[in-house]
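Listed below, chain by chain, are the residues.
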Amino acid sequence: MRRTHLAPAALLMSLGLAACSTTTQPDPGVQQAPTATASASPSATASPETAAPEVTGFDVREVATLSNPWAMAFLPGTDQLLITQKSGELLLRDRTSGATITVEGAPSVVDAGQGGFGDVVPGPTFQTDHMIYLSWVEAGSGGTSGAVIGTARLDSAGTTARLTDLTVIWRQDKTTGSGHFSHRMVFSPDGQHLFVTSGDRQKMEPAQDLSTNLGKILRLNFDGSPAAGNPFADRGGVSAEIWSYGHRNPLGIAFDADGRLWASEMGPQGGDEINLIVEGRNYGWPRASNGSHYGGGEIPDHAPGDGFEAPKVSWNPSISPGSLMIYSGDRFAAWRGDAFVGALSGQALIRVDLDGENATKADEWDMGQRIRAVVQAPDGGIWLLEDGGNGRLLELMPRS
């Protein structure tokens, strides 16, 4: 795979942005990124009919600087963007004016290790009821913790915004430790179900245990109850929530235009994955992985006939995929239908070419910073969140 590099000095040039707060921030200038050219993985076959079209590249606009941002979502029918910060703040930003306010009434979160405020997704009927879905980590008894999903109504007017009727609808099984919560969300294309990623909490074996919701991808109703027809519903309890299992730390989840569900997943030492998620399938963790345990312990590789679903794409060494978006817009028409992965340890934005049920590595842009989230804007732009205490909000724009 060819790696296409951004110019680090130009991309990282300071523009004097203040931390995002309740004040209006002016839009800074635009930094130019080099042309990106689609490139197939070594195993891909190319022909005049199937070769990926040439991509002319993009420019990077620095929009704001935030404190440990984690997720963002554009609100349908508005020009507004919701952003979560890991320590517990929910921000509402006006994309036109740049005005950013702190939303009152956000949940109290446990900000420790990988845990804190997580995902935010507008509900399927947001334009009529202003309902949003949020994920965060809450404390349990005896030093335990776990992720939760909650719903709330977003009331905003002028310079104020507040969450009302905040209600927890789902809880991850609680355990000790502060890693692998996952808690990403996506609604099914038909708007009938909520899918949730639930990590193994660094305990490994629960991913293979159908009596716990750790190490799973779940299919729920809007009220957090198990959806009818789930593959393990006859077992009762949390087993009825499970859609797929054998997952380690899936931090990205998205549907493609044909309704296929994809997830990006952090492997151990190597073995990061893009998986096509199929009802009832076992994805192998910790029995199979294309990586190794930290410290060098070997794990059997995925192999035909082992009973586990193998990844469609994997990385070794690790890139630490922190998010997943499947592009459907017009501004980058050559990339329509492709997946975009924000890489944390890889400090990159990665494009994966999706073709039906197959996937191949395409472009990798060196961003010089950990990329926590990537989303598509209503106008077809691509927006990124950098990880960390001075994580920037970036907009990628087609180069003219």
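The rules we used
- Residues numbered from 1 in each chain as written.
- Predicted model: local features only at pLDDT ≥ 70, side-chain atom pairs only at ≥ 80, totals over all residues.
- Heavy atoms only, no water.
- Helix = DSSP H or I, 4+ residues; strand = E, 2+ residues; numbered from the N terminus.
- Buried < 20%, exposed > 50% of the residue type's maximum accessible area, 1.4 Å probe, protein only.
- Contact = heavy atoms within 4.5 Å.
- Polar contact = N/O pair within 3.5 Å; in protein donor to acceptor, adjacent residues only side chain to side chain.
- Pairing = 2+ DSSP bridges.
- Axes fitted to C-alpha atoms, helices over the stretch in contact; angles between N-to-C directions.
- Core = buried A, V, L, I, M, F, W, Y, C linked by side-chain atoms within 4.5 Å.

Glancing now at the environment of Val 374. Tracing the backbone through its elements, the reader meets Val 374 in strand E24 (residues 371-376). What makes Val 374 buried here is its relative accessible area of 4%. On a C-alpha basis, the gap between Val 374 and Ala 71 in space is 8.4 Å, while along the polypeptide they are 303 residues apart. Once residues lying within four places of it in the same chain are set aside, the contact partners of Val 374 are Ser 323, Leu 324, Met 325, Phe 340, Val 341, Gly 342, Leu 349, Ile 382, Trp 383 and Leu 384.

Among the secondary structure elements, Glu 309 is positioned in the loop between strand E18 (272-277) and strand E19 (313-315). With relative accessibility at 22%, the residue Glu 309 sits in the partly exposed group. Sequence spacing of Glu 309 and Leu 276 is 33 residues, and the spatial spacing of their C-alpha atoms is 8.7 Å. Not counting chain neighbours up to four residues away, the residues in contact with Glu 309 comprise Arg 281, Asn 282, Tyr 283 and His 302. One polar contact links Glu 309 to Arg 281, side chain to side chain, over a distance of 2.7 Å.

Both strand E9 (residues 131-139) and strand E10 (residues 145-157) contribute to a ladder of nine bridges, which runs antiparallel. Following the sheet pairing, Ile 132 is matched in E10 by Ala 152. Note that E10 and strand E11 (residues 160-171) share nine bridges and pair antiparallel. When the sheet's bridge partners are listed, Thr 151 is paired in E11 with Thr 167. The turn linking E10 back onto E11 is made up of two residues, and Gly 158 within it adopts a positive phi angle of 65°.

Here four strands make up an open sheet; going across it, the order is E8-E9-E10-E11 and the pairing antiparallel. Either end of the sheet is taken by a strand with one partner, and the two such strands are strand E8 (117-122) and E11. Looking at each pair of strands side by side, their axes are set apart by 25° on average, direction ignored.

Moving on to the nonpolar core. Residues Leu 82, Leu 90, Val 103, Ile 132, Leu 134 and Leu 163 are the most contacted members of the largest nonpolar core, which totals 19 residues. Discounting chain neighbours no more than four positions away, the residues touching Ile 132 are Leu 82, Leu 90, Val 120, Val 121, Pro 122, Gly 123, Phe 126, Gly 150, Thr 151, Ala 152 and Leu 163. Residues Trp 262, Trp 315, Ile 319 and Ala 343 belong to the second largest nonpolar core, which totals 17 residues.

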